[in-house]
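# Residue-level structure breakdown
Residue strings, one per chain:
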2 protein chains.
Amino acid sequence: MTAEARPLRVVVVGGGFGGLSAVRGLRGAPVEVTLVDRRNFHLFQPLLYQVATGGLSPANIAAPLRALFKRQKNVRVLLGEATGVDVAGRRLLLADGELPYDVLVVATGARHSYFGRPEWEDLAPGLKTLEDATRIRARVLAAFEEAEREEDPARRREALTFVVVGAGPTGVELAGALAEIARHTLRDEFRRIDPADARILLVEGTDRVLGSFAPALSARAARDVARLGIELRTGSLVTGVDPRGVTLRRGDVVEEVPARTVLWAAGVEGSPLGRLVARAAGAGTDRAGRVVVEPDLTVPGRPELFVIGDLALVEPTSGRPLPGVAPVAMQQGRHVARTIRARLEGRPGRPFRYVDKGSLATIGRASAVAEIGGLRFGGYPAWLAWLFVHLLYIVQFGNRVLVLVQWAWSYLTWARSARLITGTNAETPSPTGTSGAP
Amino acid sequence: MTAEARPLRVVVVGGGFGGLSAVRGLRGAPVEVTLVDRRNFHLFQPLLYQVATGGLSPANIAAPLRALFKRQKNVRVLLGEATGVDVAGRRLLLADGELPYDVLVVATGARHSYFGRPEWEDLAPGLKTLEDATRIRARVLAAFEEAEREEDPARRREALTFVVVGAGPTGVELAGALAEIARHTLRDEFRRIDPADARILLVEGTDRVLGSFAPALSARAARDVARLGIELRTGSLVTGVDPRGVTLRRGDVVEEVPARTVLWAAGVEGSPLGRLVARAAGAGTDRAGRVVVEPDLTVPGRPELFVIGDLALVEPTSGRPLPGVAPVAMQQGRHVARTIRARLEGRPGRPFRYVDKGSLATIGRASAVAEIGGLRFGGYPAWLAWLFVHLLYIVQFGNRVLVLVQWAWSYLTWARSARLITGTNAETPSPTGTSGAP
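Residues numbered from 1 in each chain as written. Chains lettered and ligands numbered in written order. Predicted model: local features only at pLDDT ≥ 70, side-chain atom pairs only at ≥ 80, totals over all residues. Heavy atoms only, no water.

### Some points on unusual backbone geometry
Of note in this structure, Ala366 of chain A is not a glycine but carries a positive phi near 60 degrees. As for its position among the elements, Ala366 of chain A is in the loop between β23 (359-364) and β24 (367-372). Its identity as a non-glycine residue notwithstanding, Leu297 of chain B has a phi of 75 degrees, on the positive side. With respect to the element layout, Leu297 of chain B can be found in the loop between β19 (291-293) and β20 (298-299). What makes Leu297 of chain B buried here is its relative accessible area of 0%. (Helix = DSSP H or I, 4+ residues; strand = E, 2+ residues; numbered from the N terminus. Buried < 20%, exposed > 50% of the residue type's maximum accessible area, 1.4 Å probe, protein only.)

### Focus: the pattern of salt bridges
One side chain can pair with another of opposite charge once the charged atoms of both are near each other. For the coordinates displayed, the defined rule picks out 55 salt bridges over all chains. One salt bridge connects Asp286 of chain B with Arg290 of chain B, and the closest N-O pair in it is separated by 3.0 Å. Accessibility expressed as a relative area gives 19% for Asp286 of chain B, which makes it buried. Here the salt bridges do not stand alone but share partners, grouping Glu146, Glu158, Arg244 and Arg260 of chain A into one network. (Salt bridge = Lys/Arg side-chain N within 4 Å of Asp/Glu carboxyl O.)

### Examining the sheet that holds strand β14 (residues 237-242) of chain A
Adjacent strands of a sheet form backbone hydrogen bonds with each other and so pair up, either parallel or antiparallel. Residues and elements named next belong to chain A. In spatial order, the strands read β14-β15-β16; together these three strands make up an open sheet with antiparallel pairing. With partners counted over all chains shown, the strands left at the sheet margins are β14 and β16 (253-258), one partner each. For this sheet, the mean inter-axis angle between neighbouring strands, taken without regard to orientation, is 20 degrees. (Pairing = 2+ DSSP bridges. Axes fitted to C-alpha atoms, helices over the stretch in contact; angles between N-to-C directions.)

### Quick word on the packing of aromatic side chains
In this description, a pair of aromatic rings is defined by centroid distance and the angle of the planes. For the coordinates displayed, the defined rule picks out 18 aromatic pairs over all chains. Between the aromatic rings of Phe144 of chain B and Phe190 of chain B, the centroid separation amounts to 6.3 Å while the plane-to-plane angle is 35 degrees, which identifies the pairing as tilted. With Phe144 of chain B in helix α4 (residues 130-149) and Phe190 of chain B in the loop between α6 (169-185) and β12 (199-203), the pair connects residues that are 46 residues apart, well separated along the chain. You can call Phe144 of chain B buried: its relative accessible area is 2%. According to the relative accessible area criterion, Phe190 of chain B is buried, its value standing at 8%. One aromatic cluster is present, formed by Tyr114, Phe115, Trp120 and Trp264 of chain A through successive ring pairs. (Phe/Tyr/Trp six-rings, centres within 6.5 Å; stacked < 30°, edge-to-face > 60°.)

### Let's talk about the packing of helix α1 (residues 17-25) of chain A against helix α9 (residues 326-344) of chain A
Residues and elements named next belong to chain A. Contact geometry of α1 with α9 gives a least axis separation of 7 Å together with a crossing angle of 30 degrees. In terms of orientation, α1 and α9 fall into the roughly parallel class. Crossing of α1 against α9: the hand is right-handed. Along its contact with α1, which presents Phe17, Gly18, Ser21, Ala22 and Gly25, the element α9 presents Ala326, Ala329, Met330, Gly333, Arg334, Ala337 and Arg341. (Parallel < 35°, antiparallel > 145°, perpendicular 65-115°, else oblique. Left-handed = near helix turned anticlockwise from the far one by under 90°. Contact = heavy atoms within 4.5 Å.)

### What to know about the sheet that holds strand β9 (residues 103-106) of chain A
All names here are of chain A. With mixed pairing, the six strands of this open sheet are ordered in space as β5-β2-β1-β9-β21-β20. Whereas interior strands pair on both sides, the edge strands pair on one side only; in this sheet they are β5 (75-79) and β20 (298-299). For strand β1 (residues 8-13) and strand β2 (residues 31-37), the ladder comprises six bridges, and the chain directions are parallel. Paired with Val12 across the two strands is Leu35, which belongs to β2. Together, β1, β2, β9, β20 and β21 (302-307) form the strand contacts of α9, whose direction differs from that of β21 by roughly 160 degrees.

Here it is in C-alpha cells:
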C-alpha cells in the first residue's frame, strides 16, 4: 500500500460540542477518525447547573461517546489523556502512548479560572464537570443540613448564605436554582430552620448581569433576579475567599460576607493542552490561554493543525472575539470537517464565518432572556424558547425523554428528584455504619 | 411541664426499609420521632445492581428522607453519624453530639463481609451503597476500555474477564446484567474487541445458586444463568484475590482465574453499631454481628431498645433465622411502631411474627424465579411479578415514573442510559485537560 492509498488519519481531541461536530461532519468521508477524550461521555454542559442543583441526574446530560458513534464506521473512540503534541512528527502524545495523525483537531475547551488565585478552587468550586456538579450539589444540601443542626444563630445564618461569583449565564442560572430550592423545593422539610431564610448573593465585577446580552435585557434579567429574592451586587470584586466567607470590594467599600457556600462562575481559561500546542507550533495565546488561530481555524503555518471551540481565539477581523458558547464550537467543528473534505477533493478551504442564531439565558422558572434574529425578549416566551432549544439539542442523544419527564414533573411539583449528598466523604467507611439499610 | 406531659422521644437510627417503616408507623402518634441517618436519602437497595450496571441513575433509587417526611409533623430528620449508645443514660451518641431518647430503634442494617479478609475489599468491591454502585459501574466500563486499548491478547482476555463472587440474588443479578451489557448494550461500539467475548464467572461456595429458594428453582435459575453465557462455578471457594484475578478452590482442585474485575456479593455482616449496642446492653451477637433480640424485637432486659432489620437476629423458635430482606425489615419496623403505640395506651406488646409473602429474584431480561404463596415458577411470569412488586414499592417514593420510562426504553432498545465513568480518579485535575468541552 502506498502512502497515498492510506486513508487520512484525523485525530480529534475532546468530545465536547466542537469535537463531536467535527467527527460527525466526517461521516462517510474517506478518513480514519480517532476521537480521544479523558471521559467516556459527551457532556451537555449548558444543563450542568441543573445537576448541581438536583434537578437532573448526571446521566441525563451525558451521552456515552461510543454509543454516539457506534454506527459511524470510520470513527474509533479512545479513552485517553493527551499530554502534548509533537508538531513536527505529527504525533499526539498521550499519557500512555502516542497517536500519529495527518490532521489534528484540538477541541479540549476551557475550565474555570481563578484569576491567579488557584487556592480558591477548593473553597469556591466552579462548574465544568459532572464531578463538580455532584460536589456542588452535596455542598448546597449539606449547608441546609448544617443550618438545621446549628444552635448558634450567627453560624446558622452563615450556613444559610450562598454566594455565587459571576453573573454570566452560569452564575445567573445557579443563583436562580438556589432560590427555587430554598423557597420552594425544601419548604416544610426542616423543623428548626426555614430554608426560605436563605440568603443568596450574586456578585458581578462589571456593572450588569448577563453582560453578553443587550443592556435592556440585562436590566430585565436584573429585575427577574431581584424578584427571586437574590441580592445582586454588581461592580463588586471578590478580593478574598476563606472557609468562613468572601470579601467583596466595591470601589472603596470593603465588605465581609460570612457564607459557608461560595460557587465560582466568574471566569474561564483554555485547557492546558492549548498552551502546549501553541508552544509546540510557535503560535500565540491570549491571557486566558486561548490559541490564536487563522481565519480557517488552523494554527499559523500548520494547515494540518486545527484548534476550535472555547480553546480557539479567531483573530477578530472586526469587533469582539467570538463568545465561548456551544453554537460557536459546533459551527467550527462542522467547518473543520468541511475543510478536510474540501482538501481531499483538491478544493481550497474557506475562512470560518460564525452565523449568530441568537442567545438565550435562563434565570429561573418561566424566566429567561433571548436575543434571536434582532428580536429581544424576556419572561415566559424566552423561557419557552430556551426549553425548546435545549430539548431539541438533547434529544439528539438517545433517551433524553427522561429530561422532559423530569422537567415536567419539577415544573408541576417544584420537586427536584436528584437531591443526593454523595461523594468521597460519604464513601469513607465509618466506624459505626448508620447508613440506611438493609 | 411534668415529665409525664412530655411526648415520648423515639429515636430511629437508619433510614432503610426497617427504620422508614417504624417512622411511618408512628404517624399521628403522640411521640416525637427523630430519624438519624448518615445519608440524606433512603436507598432502594434491591435495585442497586441496576445502578452498578448503568441501567438506572443513583437518584432513581434514592428518595430524600426529608421529602418523605415533610408532611409527618412528629418527625424530624437529622443527618448524623451514630457512634455508640449510653444504654443506662438513654442517649444515642453521635459523632458531633448526643441525642436523648425514651425509645431507641436501631436499624442500621448490614454491609458486606469478606470473611476475615478485609484487604479484599478494594480488589473486589461489594454493593451496598450508591458510591459502591458508581464505583463498580466505572470499573466495569473501564475494563472494556482497557481491553480495547490492550495489544497483548492474554491481558486483553484478563480485562474482559469478570468474576462475581456469591450466587445469591445480588450476585445473580449482577452477573446477568454484565452478560446483557457484554452481549447487547455494547454491541458494535468497539473496533478492536468484541464485547461479547467477555467471560463472566459466577462463583458460589455452596452447591447451588439462589440457595434461599427451593432446589427446583435453583436448578431453573442455573439453567437461565447458563443460557446467558455465564460460567457458573458452584461448590467453589475463593481463596485468594489480587489485582490480576482470583484463586478458586473446588475440593482439591485449585484454579487461578486471571480477571481484572472481581465483584463481591458473598456475605454480609451487621453494621458496627450493632456490636456497640450489644456490648452496651449486655446482649449477644452472632458471628455475623447481628444482635440477638427477644421475640418482641427488644434487647433482653431493655424494653426501650429495639433492634430490627438485617442487624437483628430474632431467636428462631423453630427453623431458620429470618432472611435479610426488605419485607422482614419493613414488617419489623411496623411491629415496633405498633408496640410503641400499644404501650402508650397501656396495652402489652406482642411478639413479632413474620408473614412470608414470597420471594423473588431476577436473573436477567424476562428471567426470574418466584415463590409466592406455595407457588413456584420462573421465566417471564416470574419476571413480570418481580417488575410489578418493585415498581409498586418504588412508586411510593415520588417521581419514580422515571424508573418505568427507563426500564421500558432499555427493554425495547437494550440501551443503558447511565453508562458514566465518573468518580474520584476522573475528578483529579489533569495537567492537560482533554475532557470534553466547551
